[in-house]
Amino acid sequence: MKQSELEHFVTQLAQAEQAAAQTIQQAELKAEQRLEALLQTLEQEHQEAFNELQQKLQQEKQCTIEELKQQAIQLERETNTRIERFRQGHQAQLSSLVDWLVKRIIDA
């Protein structure tokens, strides 16, 4: 090979190497951009899923609180009914006891 051909070949080789380096750099940049976009998409999807779960939990919490309130109201009603029955029963027994004592005093 002649000197000029060799220099021309080295120049072409250097240009090819530079072009390959640019191609690699562009490919790396595109890969980083795709990776960043994918990461943002995943973060958004996870945030949306988290928000949905949080909202569902809040709804379930509200439902549970409402159920507990209703149970408390029902328990209070049942307790009041039992107390009233108990009071009425004692009132009836008290009347019977008073009648019995009066009769004992009169008979004595």
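None of the values given here were measured: they were computed from a predicted structure.

Describing the overall build of the protein
Turning to step 1, where the next piece is worked out: A count of helical and extended segments in the protein gives 1 helix and 0 strands.
Turning to step 2, where the next piece is worked out: Its C-alpha radius of gyration of 46 Å places the protein more than 25% over the 13 Å reference for a compact globule of 108 residues.
Turning to step 3, where the next piece is worked out: Here the C-alpha coordinates of the protein stretch approximately 155 × 15 × 10 Å along the principal axes.
Turning to step 4, where the next piece is worked out: Here the protein has roughly 10400 Å² of accessible surface; of this, 57% comes from carbon and sulfur atoms.
Turning to step 5, where the next piece is worked out: On the protein, the mean spot of the 12 positive side-chain charges and the mean spot of the 18 negative ones are 18 Å from each other.

Focus: a nonpolar patch on the surface
Turning to step 1, where the next piece is worked out: Among the surface-exposed residues, Leu 94, Leu 97, Val 98, Trp 100, Leu 101, Val 102 and Ile 106 lie close enough to one another that they form a single nonpolar patch of about 660 Å² accessible area.
Turning to step 2, where the next piece is worked out: Within the secondary structure layout, Leu 97 lies in helix 1 (residues 3–107).
Turning to step 3, where the next piece is worked out: Using a relative accessible area of 43% as the deciding quantity, one classes Leu 97 as partly exposed.

Definitions and cut-offs
- Residues numbered from 1 in each chain as written.
- Predicted model: local features only at pLDDT ≥ 70, side-chain atom pairs only at ≥ 80, totals over all residues.
- Heavy atoms only, no water.
- Helix = DSSP H or I, 4+ residues; strand = E, 2+ residues; numbered from the N terminus.
- Rg over C-alpha atoms; globule rule 2.2 N^0.38 Å.
- Areas by Shrake-Rupley, 256 points an atom, 1.4 Å probe, with all protein chains shown as cover.
- Lys, Arg positive; Asp, Glu negative; His and termini not counted.
- Charge placed at Lys NZ, Arg CZ, Asp CG, Glu CD.
- Patch = residues over 30% accessible without salt bridge, like charges linked within 9 Å, V, L, I, M, F, W, Y side chains within 5 Å.
- Salt bridge = Lys/Arg side-chain N within 4 Å of Asp/Glu carboxyl O.
- Buried < 20%, exposed > 50% of the residue type's maximum accessible area, 1.4 Å probe, protein only.

Keep in mind these numbers describe shape, not what the thing actually does.
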